[in-house]
Amino acid sequence: MTMMTPQPLDDDGDEEMLVPNSDSVEGPQPLVEGPLPMEEENAGILENQVLGELQASRFSWTIENFSRLNVKKLYSDVFAVGSYKWRVLIFPKGNNVNALSMYLDAADCATLPYGWNRNAQFRLAIVNQMDNKLTMKKALAYLHYDSCRKLSLAVDSADSQHQFNQREVDWGFTSFMPLSELYDTNKGYLMNDTCIVEADVAVREVNDYWIYDSKKETGFVGLKNQGATCYMNSLLQTLYHIPYFRKAVYHMPTTENDNPTGSIPLALQSLFYKLQYHDTSVATKELTKSFGWDTYDSFMQHDVQELNRVLSEKLEDKMKGTVVEGTIQKLFEGNHMNYIECINVDFKSTRKESFYDLQLDVKGCKDVYASFDKYVEVERLEGDNKYHAEGHGMQDAKKGVLFIDFPPVLQLQLKRFEYDFMRDTMVKINDRYEFPLELDLDRDNGKYLSPDADRSIRNLYILHSVLVHSGGVQGGHYYAFIRPKLSDLWYKFDDERVTKEDVERALEEQYGGEEEFPQTNPGYNNTPFKFTKCSNAYMLVYIRVSDKDKIICDVDEKDIAEHLQIRLKKEQEEKEDKRRYKAQAHLYTIIKVARDEDLKEQIGKDAYFDLVDHDKVRNFRIQKQMRFNIFKWILWLLMKEEVAKEFGIPVQFQRFWMWAKRQNHTYRPNRPLTPQDEAQAVGSFREISSKVHGAELKLFLEVEFGLDLQSIPLPEITKDDILLFFKLYDPEKEELRYAGRLLVKGTAKPIEILSKLNEMAGFAPDEEIELFEEIKFEPSVMCECLHKRASFLSSQIENGDIICFQKRPSDKWKDKIRFPDVPSYLEYVKNRQVVHVRTLERPREDAFSLELAKNHTYDDVVEKIAQQLGVEDPSKIRLTPHNCYSQQPKPNPIKYRSVDHLQDMLMHHNQISDILYYEVLDIPLPELQCIKNLKVAFHHATKDEAAVVNIRLPKQSTVGDVLNEIKKKVELSQPNAELRLLEVFCHKIYKIFPILEKIENINDQYWTLRAEEIPEEEKNLGPNDHLIHVYHFTKEVSQNQVQVQNFGDPFLLVIHEGETLADVKLRIQKKLQVQDEEFSKACKLNWNFALLSLGCPEYLEDSNVVSSRFQVQRIEVYGVWKQYLGLEHSVTTPKRAYTIVNQVSQQLGVIFWIQAVDIAFCVPVTRFPSSRRELLHCVSIQYP
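Residues numbered from 1 in each chain as written. Predicted model: local features only at pLDDT ≥ 70, side-chain atom pairs only at ≥ 80, totals over all residues. Heavy atoms only, no water.

As recorded by an unreviewed UniProt entry, the protein carries the name ubiquitinyl hydrolase 1 and is attributed to Salvia splendens. Here is the UniProt Catalytic activity (unreviewed entry) comment for the protein, exactly as written: "Thiol-dependent hydrolysis of ester, thioester, amide, peptide and isopeptide bonds formed by the C-terminal Gly of ubiquitin (a 76-residue protein attached to proteins as an intracellular targeting signal)." (UniProt positions renumbered as here; feature names shortened; annotations may be inferred.)

In structure tokens, the structure reads:
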């Protein structure tokens, strides 16, 4: 790549700068994989300016061959702003969205110390190389160049910056700009396949977050974030600071035998106790484990309202039959009445429903009162939407909701997230929405109350807490503002950090909306800059004034069960002991002593190679006493006396050997401790030992026993003596065990000790045995036959070596045994691997387990699995590896014979898994890999619904072959109908595939493939006829800019010479199969027709000749055509339908489809309607 230096962004461009809005500010986006290396020539150009305490810079990054990038994500070179290092991260094809994703990343996060953090204000931009004013910019702060070309900030606000830390190393925009706009060469963002990225970054020094003491400063402690549990932390802090609720949790019956990880009540009691009495932030792992969550769940953001309801239901169930039964209902439950009242006849239908929280509309409402007005708004059922009253037939009626009673603690869920039908996606509503300190729900003579409501209860509420979401629809951060005593003092609970805040910070700054920044250069740019706030309230908790004293009560230790206090105080004491232990660690050393008994217990069970696992032997914590040299020998004797007391062996009968790590990575006793060694301090031994294997002193205790099993004096040891250890192998039983040890002379020969080895093994004295030296086991096993008549020295045998021996195998059973000798057995042990095999349909359940070998080939593995499943052809088995992080199958299966061994199949980022997934194919895998699978949506000429067709053809097939296959699987309007294949993306047609194009490179993952019948009029185009694109669109005004949003199904249309828009409308009506009355009404009300070029609409009149407006374009051009006919309109649904649809769109659940004109949109619901009548009822459409 070659680099070019772009000009700085013009000041005029800042006027039209795009800032984070409801669906563009996303984060944080934690990344699992590491950074990708960049080519050296892919360098950036940096312009540095330092403005006092503020240090600001602009970085420019030119990326060539952009459309040919074959990576999921791409990092820029590192650039510095002040003393901080940064880089830009982009996802060229989007981070799981149909938009370019771009973030600012702390480049040196891997090398920064624990607890690091930095604040930054930044703006990211994609330069428009045709018109700099159209440069796409999005910011977390407003940075601009003044008249002296120096970079500065428009505002110094804590809200306009992001704090980067260990949990949030990158931050930015998941939906920076639509891919269709970026890749459209006519837009100017991609010229000569080159893209220019710019980043303006400003940093300031911040106070150290990690030395802040929340308990000392505020009297409260925070909750630790497990990865993405900030939403849960804000909810838990809110519930904890409702003392009546906390007291009820304490009074729930639990026992000392309960496990917090399996009991939600006990886990919540433990959490609340620690929040009340501990001095440091509290972990939530016990509570999340009691929910049944694993580590992966803790890194996924769940729905706050759903968590609140599930937790309330669980506690409500656990409280039944106890002294606190009904507490949840008493605190949080209210009731409202749904009614339908006929206007002309005396008929009224009512239904009482309870609620624990209320969902209030934000969009279109300026404050809480406006939302309540909308909630109880009366809807008239008339005309085609009349109500069927029992006994009265179809009647005009009024429909609405009124409240019977409100709860003492009123939880209001603000609908900040809604489903956008135009864009077919969820969006965040960042509109300004006010909420008062005091909420009077009796206002206007109790207009929210039903006739049955108790008017003696004063429904005046005071604000207790504000839960805030900062970010966008794809993710963000949650925290809470709470005033525990309902005084004027507010606190911000942001995970571990708790700070004091004022009322303005808790209220006004959480209203959302836009903030206007003051001009730093009056007269230079008179257009005020408006910045959309992405931090705003999403949940409010109010407490009724008349119940305040009862709810905000005192909670002390007498409210906590005695067993819980004992348990938690013991946990705290253990934690304190660990802290003291760690603080005093430098005064002590750990001595680990291995004995013959340890070797006998471990070899052949837990250990097969080397001698012992030192983590499973007895250890002693001994003071170093480094300052008392005169007592060094006494210190060692004290250590020996302690060992003797532990093992029952007199001091004079003990000999200790020092362990040593060899160059081949084995670990063996190396030399005995001399009297001079034993005269030194223990600390000295640790220093000697640490040069070899770390901070612990590891010893082997040599002891000899007589016939009466009493310890006896040890023989003197000379320089010629060698300490050897022996293992015995039984080929028939496939067992290996520790046989013992011997001191031998270096000049001696193995043949001289055969009788002793037979005695150790319990063999006859003249039994023929074979000897093998266990040399090493990493990276591969090395075990060689030992020459019996060569001296130990000539065989290079030394202290700590291991000799394995066995009976000489006879010829008659040698072939019947799997592993006839020690080397083959050790090779088996080294490579054996128990694999848990699962089906892709049930990825969390083991189907069966197999004992395989890590060096098994691909064919060996699939053959074993095929045998287990009873599948005759192993080539029909397809395997998929396991992702150790997500605990799910990897997205791509293993290709036929693409890996050499089982170990390669199980490897994932330097971790060895023991899980494989399988599927049984209907054809052999090698044949399948030569086949291309395509998912095509077939649009019938006269039917509304599209049929999804799966096509499987050889990769060398053509588009014509695909169309022929589709004809066999679908119903055509006529037998000889001709088909074509289109590529659709973002509701635009990008390509019409030639019949002879190979299908091997067609991508149906990012693009939608659509097949359709070619209309007869397109087959015989006249010389002056035009084939044009027709797209549905709507306009949105954001940040003083008009943006065109496409939706629905695009289509092609023939326009004839001299044809007016009025004529074209009739054929469009026929194409869309809309009735005359409906089409005429739509055109009069809200349908507009426009010619669009480069995103700018030019509206047409019925008398305009359409063909004269279009240039002749070739059909085979790849990419969106320069001009298209646009149909501007919006989705028209009944008012109540839209309201309820938006309510249920907050929930994640089953999806059903509603067809309106030509637009299909999906609505998530909590429960799938059981009938068409129920479906239509829930959107207020009467079904006769």
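The subject of this paragraph is the overall build of the protein. Across its full length, the protein carries 31 helices and 63 strands. Within the protein, the fraction of its 1184 residues that count as buried is 53%. Residue pairs in contact within the protein that sit at least 24 positions apart in sequence constitute 68% of those at least 6 positions apart. Accessible surface, the protein as shown: approximately 56,800 Å² in total, 48% of it carbon and sulfur. (Helix = DSSP H or I, 4+ residues; strand = E, 2+ residues; numbered from the N terminus. Buried < 20%, exposed > 50% of the residue type's maximum accessible area, 1.4 Å probe, protein only. Contact = heavy atoms within 4.5 Å. Areas by Shrake-Rupley, 256 points an atom, 1.4 Å probe, with all protein chains shown as cover.)

This paragraph deals with the packing of helix 4 (residues 230-240) against helix 9 (residues 304-319). Close contact between helix 4 and helix 9 brings their axes to 10 Å; oriented N to C, the two are set at 45°. Put simply, helix 4 runs oblique to helix 9. Where helix 4 crosses over helix 9, the handedness of that crossing is right-handed. Contact residues: Tyr231, Met232, Leu235, Leu236 and Leu239 in helix 4; Val304, Leu307, Asn308 and Leu311 in helix 9. Per-class residue counts for the contact of helix 4 with helix 9 are 8 nonpolar, 1 polar and no charged. (Axes fitted to C-alpha atoms, helices over the stretch in contact; angles between N-to-C directions. Parallel < 35°, antiparallel > 145°, perpendicular 65-115°, else oblique. Left-handed = near helix turned anticlockwise from the far one by under 90°. Nonpolar A, V, L, I, M, F, W, Y, C, P; charged D, E, K, R; others polar.)

Another point: the nonpolar core. Among the nonpolar cores identified, the biggest contains 57 residues, and Phe245, Leu315 and Phe332 are the most heavily contacted of them. If one sorts the elements of this core by residue count, helix 6 (residues 264-277) sits on top with 8 residues. Beyond its immediate sequence surroundings of up to four residues, Phe332 is in contact with Leu239, Ile242, Phe245, Phe355, Tyr356, Pro407, Val409 and Gln411. Ranked by size, the runner-up nonpolar core spans 42 residues in total, among them Phe372, Leu463, Tyr479 and Leu540. (Core = buried A, V, L, I, M, F, W, Y, C linked by side-chain atoms within 4.5 Å.)

So, about helix 26 (residues 959-969). Of all the positions in helix 26, only Val959, Gly960, Val962, Leu963 and Ile966 are classed as buried. Here the buried residues of helix 26 occupy an arc of 155° about the axis, which is enough to place them on one side. Considering only its buried residues, helix 26 is in contact with strand 52 (931-939), strand 53 (946-954), strand 54 (979-985) and strand 56 (1008-1013). (Arc of directions from axis to C-beta.)

Another point: the packing of helix 6 against helix 15 (residues 562-583). Two elements in contact, helix 6 and helix 15, have axes separated by 11 Å at closest approach and are oriented at 60°. Our classification of the angle between helix 6 and helix 15 gives oblique. Of the two elements, helix 6 crosses helix 15, and the hand of that crossing is right-handed. In this structure, helix 6 uses Leu266, Gln269, Ser270, Tyr273 and Lys274 to contact helix 15, whose residues at the interface are Leu564, Gln565, Arg567, Leu568, Lys569 and Glu571. In the contact of helix 6 with helix 15, the residues fall into 4 nonpolar, 3 polar and 4 charged.

A few words on the sheet that holds strand 55 (residues 988-992). Adjacent strands of a sheet pair through backbone hydrogen bonds, lying either parallel or antiparallel. Within the open sheet, the 5 strands sit side by side as 53-52-56-54-55. Their pairing is mixed. Strands with a single pairing partner mark the edges of an open sheet, and in this sheet they are strand 53 and strand 55. Between one strand axis and the next, the sheet turns through 40° on average, direction left out of account. The pairing of strand 54 with strand 56 spans 6 bridges and is antiparallel. Within the sheet, the bridge partner assigned to Leu981 lies in strand 56 and is Ala1011. In this fold helix 26 packs onto strand 52, strand 53, strand 54 and strand 56, with an angle of close to 130° to the strand it touches most, strand 53. (Pairing = 2+ DSSP bridges.)

Strand order in this open sheet of 5 strands is 40-39-43-41-42, and the pairing throughout is mixed. Bordering the open sheet on either side are strand 40 (735-745) and strand 42 (782-785), each of which pairs with just one other strand. Shown here is a sheet whose adjacent strand axes are inclined to one another by a mean of 30°, direction ignored. The pairing of strand 39 (residues 721-730) with strand 40 spans 10 bridges and is antiparallel. Of the residues in strand 40, the one forming a bridge with Asp721 is Lys745. Along the sheet, helix 20 (residues 754-761) contacts strand 39, strand 40, strand 41 (769-776) and strand 43 (802-807); its crossing angle with strand 40, the most-contacted strand, is approximately 145°.

This brings us to the side chain of Asn831. Take Asn831: it is sitting in helix 22 (residues 822-831). Those residues in contact with Asn831, other than ones at most four positions away along the chain, are Leu852, Ala853, Lys854 and Asn855.

On the secondary structure map, Gln237 appears in helix 4. Apart from residues no more than four positions distant in its own chain, Gln237 is found in contact with Val221, Gly222, Leu223, Leu275, Ile482 and Phe493.

Across its 22 residues, helix 15 extends 31 Å between first and last C-alpha, which sits within 8% of the 32 Å expected from 1.5 Å per residue. Among the residues making up helix 15, those that are buried are His563, Leu564, Gln565, Arg567 and Leu568. Here the buried face of helix 15 lies against helix 5 (243-250) and helix 6. (Expected span 1.5 Å × (residues − 1).)

What follows concerns the pattern of salt bridges. Using the criterion set out here, one finds 57 salt bridges in the structure. Across the salt bridge formed by Arg741 and Asp596, the nearest N and O atoms sit 2.9 Å from each other. Of this pair, Arg741 sits in strand 40 while Asp596 sits in helix 16 (residues 596-602), placing them 145 residues apart in sequence. Residue Glu1012 is joined to Arg1010 by a salt bridge in which the shortest nitrogen-to-oxygen separation is 3.0 Å. We classify Arg1010 as buried; its relative accessible area is 4%. Taken together, the salt bridges that share partners define one network made up of Asp596, Arg655, Glu702, Glu704 and Arg741. (Salt bridge = Lys/Arg side-chain N within 4 Å of Asp/Glu carboxyl O.)

Looking now at unusual backbone geometry. If a residue is not glycine, its phi is most likely negative; likewise, a peptide bond is most likely trans. For the peptide bond that leads from Glu778 to Pro779, omega is 0°, which places it in the cis range. For Pro779, the position within the fold is in the loop between strand 41 and strand 42. A positive phi angle is found at Asp193, which is not glycine, with a value near 55°. Tracing the sequence through the fold places Asp193 in the loop between helix 2 (179-182) and strand 13 (195-204).

One pass over the full model with this rule turns up 39 aromatic pairs. Relative to Tyr277, the ring of Tyr273 lies with its centre 4.8 Å away and its plane at 45°, an arrangement referred to as tilted. Here Tyr273 and its partner Tyr277 are both found in helix 6, 4 residues apart, which amounts to about one turn of the helix. Tyr277 sits in the partly exposed class, given a relative accessible area of 30%. The interplanar angle of 80° and the centroid separation of 5.8 Å between the aromatic rings of Tyr479 and Phe481 together place this pair among those described as edge-to-face. Judged by its relative accessible area of 0%, Phe481 is buried. Cluster of aromatic residues (ring-pair linked, three or more members): Tyr84, Trp86, Phe122, Phe164, Phe173 and Phe176. Its guanidinium or amino end placed over the ring of Trp86, Arg118 lies 4.9 Å from that ring's centre, counting from NZ or CZ. Over the ring of Tyr479 we find Lys492, and its NZ or CZ is 4.4 Å from the ring centre. (Phe/Tyr/Trp six-rings, centres within 6.5 Å; stacked < 30°, edge-to-face > 60°. Lys NZ or Arg CZ within 6 Å of the ring centre and 35° of its normal.)

Once that is clear, we can look at the pairing of strand 26 (residues 475-482). Along strand 26, 8 of the 8 residues are buried, which leaves the element largely enclosed by surrounding structure. As judged from the 8 bridges shared by strand 25 (residues 460-472) and strand 26, these two strands associate in the antiparallel manner. Bridge pairing links Val466 to Phe481 in strand 26. Here strand 25 folds back onto strand 26, and the loop between the two strands holds 2 residues. With 3 bridges connecting them, strand 26 and strand 27 (residues 490-494) associate as antiparallel partners. Counterpart to Ile482 in the pairing with strand 27 is Tyr491.

Our focus in this paragraph is a positive patch on the surface. Positive charge collects at one region of the surface, where Lys224, Lys285, Lys289 and Lys575 lie side by side. Summarising the element assignment, Lys285 is placed in helix 7 (residues 285-290). (Patch = residues over 30% accessible without salt bridge, like charges linked within 9 Å, V, L, I, M, F, W, Y side chains within 5 Å. Lys, Arg positive; Asp, Glu negative; His and termini not counted. Charge placed at Lys NZ, Arg CZ, Asp CG, Glu CD.)

The next point concerns the confidence of the model for the protein. Across the protein, pLDDT averages 79, with 80% of residues at or above 70. Note on residues 141-160: pLDDT is under 50 here. Beyond four places in sequence and across chains, it has 68 contacts. (pLDDT = per-residue confidence, 0-100.)

Looking at the element boundaries, Arg662 is found in the loop between strand 34 (655-661) and strand 35 (667-672). Along the chain, Arg662 and Lys776 lie 114 residues apart, while their C-alpha atoms are 9.8 Å from each other. Beyond its immediate stretch of four places on either side in the chain, Arg662 contacts Arg668, Glu798, Asn799, Gly800 and Asp801. At 2.7 Å, the side chain of Arg662 forms a polar contact with the backbone oxygen of Asn799. Within the local environment of Arg662, its side chain forms a polar contact with the side chain of Asp801, the two groups lying 2.6 Å apart. (Polar contact = N/O pair within 3.5 Å; in protein donor to acceptor, adjacent residues only side chain to side chain.)

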